[in-house]
Amino acid sequence: VFATLLFGVLLVWVFTVIGFSAWGWEAYEYGDGGGGWKDAYTSFLQHIDYGFRGPPVFDLGNQDMTFYNYLYDFLYNLLIILIMVAIITGIIIDTFSAKREEGNEIKANIKSYCFICSHPREVFQRNRINFKTHQQNDHNPWMYLFYWMYLQEKEDSELTGLETVMKEQMKNQSITYFPIYKALALPEEEEEDEEIQGLKESVNQLNTKIEELQRKLEANGTAADEKGPGEA
């Protein structure tokens, strides 16, 4: 967004320089104000202020509009008013839409997956376990936060062996202590199935990356063969 806005400002500056270089300082103004500038700085500020709302209006006195006046007016309408403003507006709208979609995905993920064990809601429903009850009683994120605060407040000399390990992992931002794909409320078979599914997804992702690398290597080898030994 910033780069596009900067490009728009530079484009307005180009039209500003062309305007006062070709027709002077008071050759044109804008329909809703402006005009009467005496230096490039004021002219540029008025182009930024009024120029994004409408094109310049030439005041040539008794002289007729020339081809270059019409061309300047046409290009200003096309590049600044129609294209540039539309691009900036579209980028802003798309950015907010992407943020809204991202927020909706996060909300859906929170509602559908356990934050602690990563089990989906369907797994608990399949075993006739209330998903919200599991989140509140078995894997409540606030309990983990309270435990973290408890470890932070407790003196290192008073920590037990387990608490020392936990505090060190939390300090290193490790999540190995999280019961990923594990829940006491679920049967062991269900946990193993979910863990195997997660491993399968990881393996599939690795296979996809390996295939992409193989294709790139084959393409590079083909290009090298076409060049021949005498070419570099």
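What counts, and where the lines are drawn
- Residues numbered from 1 in each chain as written.
- Predicted model: local features only at pLDDT ≥ 70, side-chain atom pairs only at ≥ 80, totals over all residues.
- Heavy atoms only, no water.
- Axes fitted to C-alpha atoms, helices over the stretch in contact; angles between N-to-C directions.
- Helix = DSSP H or I, 4+ residues; strand = E, 2+ residues; numbered from the N terminus.
- Parallel < 35°, antiparallel > 145°, perpendicular 65-115°, else oblique.
- Left-handed = near helix turned anticlockwise from the far one by under 90°.
- Contact = heavy atoms within 4.5 Å.
- Salt bridge = Lys/Arg side-chain N within 4 Å of Asp/Glu carboxyl O.
- Buried < 20%, exposed > 50% of the residue type's maximum accessible area, 1.4 Å probe, protein only.
- Disulfide = S-S within 2.5 Å.
- Phe/Tyr/Trp six-rings, centres within 6.5 Å; stacked < 30°, edge-to-face > 60°.
- Core = buried A, V, L, I, M, F, W, Y, C linked by side-chain atoms within 4.5 Å.
- Expected span 1.5 Å × (residues − 1).
- Polar contact = N/O pair within 3.5 Å; in protein donor to acceptor, adjacent residues only side chain to side chain.
- pLDDT = per-residue confidence, 0-100.
- Patch = residues over 30% accessible without salt bridge, like charges linked within 9 Å, V, L, I, M, F, W, Y side chains within 5 Å.
- Areas by Shrake-Rupley, 256 points an atom, 1.4 Å probe, with all protein chains shown as cover.

### A closer look at the packing of helix H1 (residues 2-23) against helix H3 (residues 67-112)
- At a minimum axis distance of 10 Å, the contact between H1 and H3 shows a crossing angle of 165 degrees. As judged from the angle between their axes, H1 and H3 are roughly antiparallel. Read as a crossing pair, H1 and H3 show a hand that is left-handed. Taken together, the residues of H3 that come into contact with H1 (itself represented by Thr4, Leu5, Phe7, Gly8, Leu11, Val12, Phe15, Thr16, Ile18, Gly19 and Trp23) are Tyr68, Asn69, Tyr72, Leu75, Tyr76, Leu79, Ile80, Met84, Ile87, Ile88 and Ile91.

### Points about the pattern of salt bridges
- In the structure shown here, the tally under the stated rule is two salt bridges.
- Residues Glu163 and Lys154 are paired through a salt bridge, measuring 2.9 Å at the closest nitrogen-oxygen approach. Of the two residues, Glu163 and Lys154, neither departs from the other in class, the shared state being buried.
- When the shortest N-O distance is used, the salt bridge between Lys167 and Asp156 registers 2.8 Å.

### Re the state of the cysteines
- The tally for this structure, following the rule as stated, stands at zero disulfides.
- Note on Cys114: no disulfide assigned, nearest cysteine sulfur contributed by Cys117 at a separation of 3.5 Å.
- Look at Cys117 and you get buried, because its relative accessible area is 0%.

### Structural notes on the packing of aromatic side chains
- Under the defined criterion, the tally for this structure stands at ten aromatic pairs.
- Ring centres 5.3 Å apart and planes at 35 degrees place the aromatic pair Tyr144 and Phe178 in the tilted group. In this pair, Tyr144 is assigned in helix H6 (residues 141-153) and Phe178 in the loop between helix H7 (161-171) and helix H8 (188-227), connecting sequence segments 34 residues apart.
- With relative accessibility at 25%, the residue Tyr144 sits in the partly exposed group.

### Section: the nonpolar core
- In terms of nonpolar packing, the biggest core is built from 13 residues, with Leu11, Phe15, Tyr28, Tyr72, Tyr76 and Ile80 touching the most fellow members.
- The set of elements that each furnish at least two residues to this core consists of H1 and H3.
- Top element by residues in this core is H3. It accounts for six residues.
- One finds Cys117, Phe131, Phe178 and Leu186 within the second-largest nonpolar core, a separate group that totals ten residues.

### A word on H6
- Between its first and last C-alpha, H6 extends 19 Å over 13 residues, near the 18 Å set by a 1.5 Å rise per residue.
- Two or three places before Trp142, at the opening of H6, Asn140 has a side-chain oxygen 3.0 Å from that residue's backbone nitrogen.

### Brief notes about the confidence of the model for the protein
- Averaged over all residues, the pLDDT of the protein equals 81, while 84% of them reach at least 70.
- When mean pLDDT is taken per element in the protein, H6 scores highest with 91 and strand E1 (residues 28-30) scores lowest with 70.

### Some words on a nonpolar patch on the surface
- Together, Phe67, Tyr68, Leu71, Phe74, Leu75, Leu78, Leu82, Ile83 and Ile87 make up an exposed nonpolar region whose accessible area comes to about 850 Å².
- By secondary structure assignment, the location of Phe67 is in helix H3.
- Phe67 gets classed as exposed once you look at its relative accessible area, which sits at 58%.

### Some remarks on the side chain of Thr16
- Tracing the backbone through its elements, the reader meets Thr16 in helix H1.
- Residue class for Thr16 comes out buried when judged on its relative accessible area of 0%.
- Not counting the four nearest positions on each side in its chain, Thr16 is found in contact with Ala40, Ser43, Phe44, His47 and Tyr72.

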